[in-house]
Amino acid sequence: MRSRGPGRWLRRLVVTVIVLGVLAVAVDRAAEWAAENRLATMAENQAANYDVEATDTSVEVGGFGFLPQLAKEKFSSVTLTMKQPTFSNDVAAEDLVVEMSGVHVPRALLEQKPGTAVTVDSTAMRVHLSPDELTKLAARTTNIKGLSFRIVDGKLHARLTVGGLNAEVAVTPQVKGRRIALGVEDMSDSIPSVVRDAVKSQLARGLAFPQLPFDAVLKQVSVEGDSLLLVATVADLKLTS
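Residues numbered from 1 in each chain as written. Predicted model: local features only at pLDDT ≥ 70, side-chain atom pairs only at ≥ 80, totals over all residues. Heavy atoms only, no water.

### Notes on the pattern of salt bridges
Reasoning step 1: Across all of its chains, the model carries four salt bridges by this definition.
Reasoning step 2: With a shortest N-O distance of 3.3 Å, Arg126 and Glu224 are connected by a salt bridge. Taken together, the positions of Arg126 in strand β4 (residues 117-129) and Glu224 in strand β10 (residues 217-224) put the pair 98 residues apart, joining distant regions of the chain. (Salt bridge = Lys/Arg side-chain N within 4 Å of Asp/Glu carboxyl O. Helix = DSSP H or I, 4+ residues; strand = E, 2+ residues; numbered from the N terminus.)

### Observations regarding the nonpolar core
Reasoning step 1: The biggest cluster of nonpolar side chains holds 61 residues, and the ones touching the most others in it are Met125, Leu203 and Phe214.
Reasoning step 2: Ranked by the residues each element gives to this core, the list is headed by helix α1 (residues 5-48), at six residues.
Reasoning step 3: Residues contacting Phe214, with those up to four places away along its chain left out, are Ala43, Gln46, Ala47, Tyr50, Leu80, Val98, Met125, Val234, Leu237 and Leu239. (Core = buried A, V, L, I, M, F, W, Y, C linked by side-chain atoms within 4.5 Å. Buried < 20%, exposed > 50% of the residue type's maximum accessible area, 1.4 Å probe, protein only. Contact = heavy atoms within 4.5 Å.)

### Looking at the confidence of the model for the chain
Reasoning step 1: This prediction gives the chain a mean pLDDT of 83; 83% of its residues lie at or above 70.
Reasoning step 2: Within the model, pLDDT remains below 50 along residues 19-27, and this stretch shows one contact once partners closer than five positions in the same chain are excluded. (pLDDT = per-residue confidence, 0-100.)

### A few points about the packing of aromatic side chains
Reasoning step 1: Counting across every chain of the model gives two aromatic pairs.
Reasoning step 2: Where Tyr50 meets Phe214, the ring centres are 6.5 Å apart and the plane angle is 65°; that geometry is what we call edge-to-face. Linking Tyr50 in the loop between α1 and β1 (56-61) with Phe214 in the loop between β9 (207-208) and β10, this pair joins segments that are 164 residues apart in sequence.
Reasoning step 3: Taking the relative accessible area as the measure of exposure, Tyr50 reaches 17% and is therefore buried.
Reasoning step 4: Look at Phe214 and you get buried, because its relative accessible area is 5%.
Reasoning step 5: Pairing Phe87 with Phe209 gives two aromatic rings, centres 5.4 Å apart and planes at 65°, and the pair type is edge-to-face. You can see Phe87 sitting in the loop between β2 (74-83) and β3 (95-104) and its partner Phe209 sitting in the loop between β9 and β10, a full 122 residues away along the chain.
Reasoning step 6: You can call Phe209 buried: its relative accessible area is 4%. (Phe/Tyr/Trp six-rings, centres within 6.5 Å; stacked < 30°, edge-to-face > 60°.)

### Quick word on the environment of Val184
Reasoning step 1: Along the chain, the position of Val184 falls in strand β8 (residues 179-184).
Reasoning step 2: In sequence terms Val184 and Ala170 are 14 residues apart; their C-alpha atoms lie 6.3 Å from each other.
Reasoning step 3: Other than its neighbours up to four places away in sequence, Val184 contacts Val169, Ala170, Val171, Val199, Lys200 and Leu203.

### A look at the pairing of strand β6 (residues 155-162)
Reasoning step 1: Of the strand pairs in this sheet, strand β5 (residues 148-152) and β6 are connected by five bridges, and their pairing is antiparallel. Residue pairing in the sheet places Phe149 in a bridge with Ala158 of β6.
Reasoning step 2: Joining the antiparallel neighbours β5 and β6 is a turn of two residues, in which Asp153 adopts a positive phi near 50°.
Reasoning step 3: Across seven bridges, the pairing between β6 and strand β7 (residues 165-176) is antiparallel. Bridge pairing in β7 links Leu160 to Ala167. (Pairing = 2+ DSSP bridges.)

### Describing the environment of Gly164
Reasoning step 1: Looking at the secondary structure, you find Gly164 in the loop between β6 and β7.
Reasoning step 2: Of the residues examined, Gly164 reaches a relative accessible area of 66% and is grouped as exposed.
Reasoning step 3: Along the chain, Gly164 and Lys145 lie 19 residues apart, while their C-alpha atoms are 9.8 Å from each other.

### Some remarks on the side chain of Thr116
Reasoning step 1: Within the fold, Thr116 resides in the loop between β3 and β4.
Reasoning step 2: For Thr116, a relative accessible area of 7% corresponds to the buried category.
Reasoning step 3: In contact with Thr116, not counting residues within four places along its chain, are Met42, Pro106, Ala108, Leu109, Leu239, Thr240 and Ser241.

### Quick notes on the sheet that holds β6
Reasoning step 1: Strand order in this open sheet of five strands is β5-β6-β7-β8-β9, and the pairing throughout is antiparallel. Pairing within the sheet leaves two strands with one partner each, and these edge strands are β5 and β9.
Reasoning step 2: Note: β7 against β8, six bridges, orientation antiparallel. Considered in β8, the bridge of Val171 is made with Val184.
Reasoning step 3: Here helix α3 (residues 131-141) sits on the sheet in contact with β5, β6 and β9, set at roughly 155° to β5.
Reasoning step 4: Across the face of the sheet, helix α4 (residues 193-205) comes into contact with β6, β7, β8 and β9 while running at roughly 155° to β8. (Axes fitted to C-alpha atoms, helices over the stretch in contact; angles between N-to-C directions.)

Written out as structure tokens, the structure reads:
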């Protein structure tokens, strides 16, 4: 009778390799979960310094293999998501997403040591704001009577009252410092020229947007779907525990 020794040994070896592989993945996932929670807490606490609060803050570490990246003390990418963040003037966005590349993370991050600092090479922020919240922002930062917004066929429309006349015009949002200026597109010739000039002048002053977290600088604003998309960058982002 042929011996089953070699076959049995090979099966045990295969099972052992599989078990070790599963354990390695489990350890990697557990460490990643702990680090993501730690980074989310650090970001949430730092955002609070700018009077920004969210219903939920989460972090997702990108790249292949968490522990190999941690050993090098650098993550290729990290995504921070704040759901329904509220800013200092009670204006609430739909979401705030921060895409980070080249995230330098000390191993002490998992040990939760005070003073642990995480630095980032490149950071891009995206904020979605609904027309209703933009209307709320206008009420808090301008004196334009009856100013409200809606999105029609992919364009932002402003409705307001000037000289006792109601007007609705398509506007192009632009960034001017921390303000969102509104360039007026074509207006009907039936509207008196004095009213057209007044509308253009008032909307050109724009809306003062509250300070973004992490000292982000507003760079671009446009319409995306049913929302207004604000794009900002952060120079030398540093998260500290």
